[in-house]
Amino acid sequence: MALIIKNGTIYTASDSYRADILAEGEKITHIAGKITAGKGDEVIDASGLEIYPGAIDVHTHLDMPFMGTVTADDFESGTIAAACGGTTALIDFATPAKGQPLGDAIKLWHKKAGGKSAIDYGFHIAIIEFNERVASEIPALIKEGITSIKCFLAYKGALMINDGEFIQTLEVAKRHGALVSVHAENGEMLTYLAGKLVAEGKTGPEYHEASHPAIAEGEAVHRGAALAKLAGTPLYIVHTSCKEALDEIKIAMADQRVIFGETCPQYLLLSNKLYHGNGFEAAKWVMSPPLRDGENNQIMWNAVRDGFIKVIATDHCSFNFKGQKDAGISSFAKIPNGAPGIGDRVNLVYSYGVAQGKISRNKFAEVMSTNPAKIFGMFPKKGSIAIGSDADFTIIDPAKKGKISVKTSHHKVDYNSFEGFKLHGMNVMTVSRGRLIARDDKFLGAIDHGQYLKRNKFNPDEWSAQ
Ligand code: URP
Ligand code: ZN
Ligand code: ZN
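Analysis parameters
Every chain begins its residue count from 1, and numbering advances along the sequence as written. Going through the entries in the order they are written, you letter the chains from A and number the ligands from 1. Reporting in this predicted model follows two pLDDT cut-offs: at least 70 for local features of residues, and 80 or more for side-chain atom pairs to be given and counted; totals over whole chains, interfaces and linings ignore these cut-offs and use all residues. In computing side-chain values, all of the structure's heavy atoms are included and hydrogens and water are not. Stacked, tilted and edge-to-face are the three classes assigned to paired rings of Phe, Tyr and Trp, where Trp is represented by its six-membered ring and a pair needs centres within 6.5 Å; plane angles under 30 degrees give stacked, over 60 edge-to-face, the rest tilted. Here a helix means four or more residues in a row that DSSP labels H or I, a strand means two or more in a row labelled E, and each is numbered from the N terminus. By the criterion adopted, a ring carries a charge over it if an Arg CZ or a Lys NZ lies within 6 Å of its centre and within 35 degrees of its normal. Note on terminology: near, applied to a residue and a molecule or strand, indicates that one of the residue's heavy atoms is within 4 Å of it. Side-chain atoms alone can form a polar contact between residues adjacent in sequence; in general such a contact is a pair of N or O atoms within 3.5 Å, and within protein one must be able to donate a hydrogen while the other accepts it. Atoms are scored as donors when they are N, O or S and lie within 2.8 Å of the metal, with 3.2 Å used for Na, K and Ca; no water is included, so coordination may look incomplete. Irregular is the default label, applied whenever a site is not tetrahedral (four donors, all angles between 85 and 135 degrees) and neither square planar nor octahedral (four or six donors, opposite donors over 155 degrees apart, all other angles between 65 and 115). Put simply, a nonpolar core is a bunch of buried Ala, Val, Leu, Ile, Met, Phe, Trp, Tyr and Cys residues held in one set by side-chain atoms that sit within 4.5 Å of each other. Residue exposure (1.4 Å probe, protein chains only): buried if accessible area is under 20% of the type maximum, exposed if over 50%, otherwise partly exposed. By definition, residues are in contact when any of their heavy atoms lie within 4.5 Å. Two strands pair under a simple rule: DSSP has to find at least two bridges between them. The convention used is that axes are lines fitted to C-alpha atoms, helices contributing only their stretch in contact, and that angles between N-to-C directions extend from 0 to 180 degrees. Cysteine sulfur atoms that come within 2.5 Å of each other are treated as a disulfide pair. Within this document, salt bridges are pairs made up of a side-chain nitrogen of Lys or Arg and a carboxyl oxygen of Asp or Glu, the two lying within 4 Å of each other. Small angles under 35 degrees read as roughly parallel and large ones over 145 as roughly antiparallel, with 65 to 115 read as roughly perpendicular and the rest as oblique. By definition, turning the near helix anticlockwise from the far helix through less than a right angle yields a left-handed crossing, and turning it clockwise yields a right-handed one. Following the grouping adopted for this structure description, the nonpolar residues are Ala, Val, Leu, Ile, Met, Phe, Trp, Tyr, Cys and Pro, the charged ones are Asp, Glu, Lys and Arg, and the polar ones are all others, Gly among them.

Undergrad: How should the packing of aromatic side chains be read in this particular structure?
TA: Each aromatic ring pair is described using two quantities: the centre-to-centre distance and the angle formed by the ring planes. The final tally for this structure, using the stated rule, is 18 aromatic pairs. The interplanar angle of 35 degrees and the centroid separation of 5.9 Å between the aromatic rings of Phe280 and Phe321 together place this pair among those described as tilted. One end of the pair, Phe280, is in the loop between α8 (265-269) and α9 (294-305); the other, Phe321, is in the loop between β17 (311-312) and α10 (345-354), and 41 residues separate them in sequence. Connected via pairs of aromatic rings, a cluster forms that spans Tyr236, Phe260, Phe376, Phe458 and Trp463. Its end group placed over the ring of Phe93, Lys150 keeps NZ or CZ at 4.0 Å from the ring centre.

Following this line, the structure appears as structure tokens:
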């Protein structure tokens with residue numbers, strides 16, 4: 001049976017046009033002004049609706065052990081929330097424990113996700129130590145389609161690697177065709193500041209921000225970019241939050257280096273005022289980097305609009321307020337870092353970006369789908385509305401209004417970081433490989449529908465300086 005989407009307006013990263021779409025099996029097979037349905041075809045009437053290539057979230061932490069606990073959302077709840085919110089694919093961080101072979105971590109992540117994912121999924125591999133064993137394992141992972149590596153310059157004593165380990169990782173990645181991404185904050189600065197604040201009796205969650213200053217982020221982006229320049233390789237900066245970090249990205253771009261910046265809705269929409277006047281509830285927004293001020297929010301929107309930020313992902317890393325975040329009641333340094341967002345990204349970025357005129361519809365398609373697919377080796381299977389591509393669509397009603405609430409959220413976590421945010425323009429249908437998997441926030445798919453995405457190698461030659 002075929003699926004025909006009629007009367008909608010298609011928006012890709014480069015084009016906007018009215019057309020019908022025919023999907024046969026899992027692929028797009030025809031796009032034309034008018035396509036007539038055959039007997040038995042499923043028809044979606046998209047009159048008044050906007051059709052985008054399926055949104056892709058390349059930064060999630062599902063079912064991940066972290067800071068003495070495990071993230072609240074697993075692949076089942078996380079991918080259902082993603083599907084209902086208009087996301088059709090994600091890349092999660094397979095994160096090994098110290099000493100654990102990378103291959104074992106990947107096997108474990110396949111076990112977590114296999115048969116329990118409503119949407120397609122791939123994995124980045126986190127490198128939390130570098131030695132001969134780690135180096136020797138990387139080529140095999142790349143052959144399996146794990147073509148991106150994540151390093152942390154923060155979380156000293158846990159995930160952080162030093163500059164020597166980082167440069168060796170960059171070199172191995174370059175040799176075998178992987179892209180390295182980096183959590184850019186100076187872990188030494190953060191550890192020093194947290195220790196100092198706690199020693200002074202400043203233990204509440206409102207001090208988290210002071211222990212993660214913007215200079216620590218700017219310094220680490222600078223250093224990461226310098227080490228990538230030395231290794232002669234591109235670099236992807238995750239969850240960029242502030243001007244100090246962005247300025248370093250701009251300097252590297254001006255120097256003709258290939259550097260990709262990512263940001264997340266929390267750094268576009270939430271202000272650091274949330275850390276004050278909320279008592280211990282401020283722990284809900286303890287994440288790294290921390291929320292910045294409203295001026296930085298605007299700077300980040302401008303950077304998306306102007307092409308300095310290439311991707312908007314979520315960094316979905318959910319912990320319950322009761323029973324998880326409260327591990328840090330005696331010290332902010334013990335609050336598990338992270339917040340939910342996977343189900344809300346599409347609606348938030350559309351409502352506050354497109355509908356408010358901050359970014360165009362084509363830019364929305366670019367940063368939510370096409371760039372993530374291109375950068376992480378999934379294009380044109382994903383990230384495109386073209387014949388032969390997967391029939392993945394995020395279908396938005398620009399007139400639909402709503403409000404974000406933990407009460408209606410599909411996340412398996414007891415709060416929503418964007419509680420009360422009004423929406424104007426919402427995802428109303430999500431199509432994954434030719435199947436309607438969500439409609440009006442109701443999940444219609446199957447929990448074993450999602451397939452593993454074996455991604456292509458990263459090819460730096462495809463990326464000249466932007
Ligand atoms: O606070 C955050 N961002 N938690 C998730 C882990 C990471 O740093 O990405
Ligand atoms: Zn991070
Ligand atoms: Zn993260």
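The structure having been displayed, the exposition proceeds.
Undergrad: What is the right way to read the site of ligand 1 from this model?
TA: Around ligand 1 sit His59, His61, Tyr155, His183, His239, Met287, Ser288, Asp315, Cys317, Asn337 and Gly338, and those are all the residues in its vicinity. Gly338 places a main-chain nitrogen or oxygen 3.3 Å from an oxygen atom of ligand 1.

Undergrad: How do you make sense of the coordination of the zinc ion (ligand 3) when you look at a structure like this?
TA: In a perfect tetrahedron of four donors around a metal, the angles come out at 109.5 degrees. In a perfect octahedron of six, they are 90 or 180 degrees. The zinc ion (ligand 3) binds to the protein through His59 (NE2), His61 (NE2) and Asp315 (OD); the donor distances cover 2.0 to 2.1 Å. Note that the zinc ion (ligand 3) binds 4 donor atoms; their angles at the metal cover 87 to 133 degrees, and the shape is tetrahedral.

Undergrad: What am I meant to see in the coordination of the zinc ion (ligand 2) here?
TA: Coordination sphere of the zinc ion (ligand 2), protein contribution only: His183 (ND1) and His239 (NE2), at 2.1 Å. One can describe the donor arrangement at the zinc ion (ligand 2) as irregular, given that its 4 donor atoms subtend angles of 57 to 149 degrees at the metal. Distance-wise, the zinc ion (ligand 3) is placed 3.8 Å from the zinc ion (ligand 2). Here His183 is found in strand β14 (residues 179-183), whereas its partner His239 is found in the loop between β15 (235-237) and α7 (243-254), with 56 residues between them in sequence.

Undergrad: How should I be thinking about the nonpolar core in this particular structure?
TA: In this structure, Phe123, Ile125, Ile149 and Phe166 are the most contacted members of the largest nonpolar core, which totals 65 residues. The element that contributes the greatest number of residues to this core is helix α6 (residues 214-231), accounting for 8 residues. When residues no more than four places from it in sequence are discounted, the contact partners of Phe166 are Cys151, Leu153, Ile161, Val180, Val182, Gly224, Leu227 and Leu235. By size, the runner-up hydrophobic cluster in this structure holds 49 residues, among which are Leu197, Met287, Leu348 and Ile404.

Undergrad: What is the right way to read the pairing of β14 from this model?
TA: Looking along a regular strand, one sees side chains alternate from face to face of the sheet. Most of β14 sits out of view: 5 of its 5 residues are buried. Along β14, one buried face is formed by Leu179, Ser181 and His183 and the opposite face, lined by Val180 and Val182, is buried too. As paired elements, strand β13 (residues 148-152) and β14 share 5 bridges and run parallel to each other. Opposite Ile149, over in β14, you have Val180 as the bridge partner. Sheet analysis places β14 next to β15, joined by 2 bridges and oriented parallel.

Undergrad: Any chance you could explain the sheet that holds strand β6 (residues 42-45) here in plain terms?
TA: Two modes of strand pairing occur in sheets, parallel and antiparallel, and in both the strands are linked by backbone hydrogen bonds. Overall, mixed pairing links the 4 strands, which are arranged β5-β4-β1-β6 in an open sheet. The sheet terminates laterally at β5 (27-32) and β6, the two strands that pair on one side only. Strand-to-strand twist of the sheet, defined as the mean angle between neighbouring strand axes without regard to direction, takes the value 20 degrees. Examined bridge by bridge, strand β1 (residues 2-6) and β6 share 4 bridges and lie parallel to one another. Along β6, the bridge assignment pairs Ile4 with Val43.

Undergrad: Whenever I open this one, the sheet that holds strand β16 (residues 259-263) confuses me. Can you help?
TA: Pairing in this open sheet of 8 strands is parallel, and the strands run β8-β11-β12-β13-β14-β15-β16-β17 from one edge to the other. Taken across any chain shown, the strands that pair with only one partner, and hence form the sheet edges, are β8 (55-60) and β17. Bridge analysis of β15 against β16 gives 3 bridges, and the strand direction is parallel. Counterpart to Tyr236 in the pairing with β16 is Phe260. In this fold helix α1 (residues 75-84) packs onto β11 (87-94) and β12 (120-126), with an angle of close to 145 degrees to the strand it touches most, β11.

Undergrad: Honestly, the state of the cysteines in this entry has me stumped. Any pointers?
TA: The bond known as a disulfide is covalent and runs between the sulfur atoms of two cysteines. In the structure shown here, the tally under the stated rule is 0 disulfides. Here Cys264 stays free of any disulfide, with the sulfur of Cys317 as its closest cysteine sulfur at 11 Å.

Undergrad: Any chance you could explain the pattern of salt bridges here in plain terms?
TA: Note on pairing: side chains with opposite charge can pair once their charged atoms come close. Tallied over the full model, the rule gives 26 salt bridges. Put simply, Glu26 and Arg433 hold a salt bridge, and the shortest N to O gap is 2.9 Å. Of this pair, Glu26 sits in the loop between β4 (20-24) and β5 while Arg433 sits in the loop between β19 (422-432) and β20 (435-439); the two residues are 407 residues apart in sequence, bridging distant segments of the chain. Of the residues examined, Arg433 reaches a relative accessible area of 4% and is grouped as buried. The closest approach of N and O atoms between Asp120 and Lys382, which form a salt bridge, is 2.7 Å. Pair noted here: Asp120 is in strand β12 and Lys382 is in the loop between α11 (361-375) and β18 (393-403), with a separation of 262 residues, a long-range link.

Undergrad: Sorry if this is basic, but what is going on with unusual backbone geometry here?
TA: The phi angle of most residues is negative, glycine excepted, and most peptide bonds adopt the trans form. Of the consecutive residues Ser288 and Pro289, the connecting peptide bond is found in the cis state with omega at -5 degrees. Relative to the helices and strands, Pro289 resides in the loop between α8 and α9. A cis amide bond links Phe379 with the next residue in sequence, Pro380, at an omega value of 5 degrees. One non-glycine residue with positive phi stands out, namely Tyr155, at about 65 degrees.

Undergrad: I would appreciate a short explanation of α10 in the present structure.
TA: Because the α-helix completes a turn every 3.6 residues, residues three or four places apart line up on one side. Burial runs high along α10: 10 of the 10 residues are buried. By the burial criterion, the buried members of α10 are Arg345, Val346, Asn347, Leu348, Val349, Tyr350, Ser351, Tyr352, Gly353 and Val354.

Undergrad: Would you mind showing me how to read the packing of α6 against α7 here?
TA: Running from amino to carboxyl end, α6 crosses α7 at an angle of 20 degrees, the nearest separation of the two axes being 7 Å. The angle between the axes of α6 and α7 places the two elements in the roughly parallel class. Considering the relative orientation of α6 and α7, their crossing is right-handed. The residues of α7 that touch α6, namely those facing Ala214, Glu217, Gly218, Val221, His222 and Ala225, are Glu244, Ala245, Glu248, Ile249 and Ala252. Broken down by class, the residue content of the contact of α6 with α7 amounts to 6 nonpolar, 2 polar and 3 charged.

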